[in-house]
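Below are the chains, spelled out letter by letter.
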Amino acid sequence: MNYVDVSFMLAFAAAARPFAPDVWFLVRRLLGAGVRLGAQALAEHQPPSPALPAPASLNKGGHR
């Protein structure tokens, strides 16, 4: 690696540094959206919960 490559990388890093907070903000937003979409997809593909048993009928005395 020669000095031209190093100077190019340093110049690129210096130019990109002011945009770093915006980039991290966008990355966090995209990750949050991905998590929400993934959770929604998992919730939609869950098997239906088993049916609850019918309640026991009560006789006249209030006992089963």
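The residue numbers shown here count from 1 along each chain, following its written sequence. With the structure being a predicted model, the display of local features is reserved for residues of pLDDT at least 70 and the display and counting of side-chain atom pairs for 80 or more, all residues being used for whole-chain, interface and lining totals. As a convention, hydrogens and water are excluded, and side-chain values are obtained from all of the structure's heavy atoms.

Caption draft 1: Layout of the overall build of the chain. Note on conventions: DSSP H or I runs of at least 4 residues are helices, E runs of at least 2 residues are strands, and numbering of each starts at the N terminus. When its secondary structure is counted, the chain shows two helices and zero strands. Taking all 64 residues of the chain together, the buried fraction comes to 0%. Accessible surface area values rest on a Shrake-Rupley calculation with a 1.4 Å probe, where residue burial reflects the displayed protein chains alone. Surface accessibility of the chain: about 6500 Å² in total, with carbon and sulfur atoms responsible for 69%. Relative accessible area decides the class of each residue, using a 1.4 Å probe on protein chains only: under 20% of the type maximum gives buried, over 50% gives exposed, and in between gives partly exposed.

Caption draft 2: Fine view of helix 2 (residues 20-44). To estimate the expected span of a helix, count its residues, drop one, and scale the result by 1.5 Å. The end-to-end C-alpha separation of helix 2 is 36 Å, in line with the 36 Å expected for 25 residues at 1.5 Å each. Of all 25 residues in helix 2, zero are buried; the element is thus mostly exposed.

Caption draft 3: Broad picture of a nonpolar patch on the surface. Two distance rules govern patches: like charges are joined within 9 Å, and nonpolar side chains (Val, Leu, Ile, Met, Phe, Trp, Tyr) within 5 Å, applied only to residues with over 30% relative accessible area and no salt bridge. Every case where a carboxyl oxygen of Asp or Glu lies within 4 Å of a side-chain nitrogen of Lys or Arg is listed as a salt bridge. Taken together, the side chains of Met1, Val6, Phe8, Met9, Leu10 and Phe12 make up a nonpolar region of the molecular surface, amounting to roughly 730 Å² of accessible area. Along the chain, the position of Met9 falls in helix 1 (residues 3-16).

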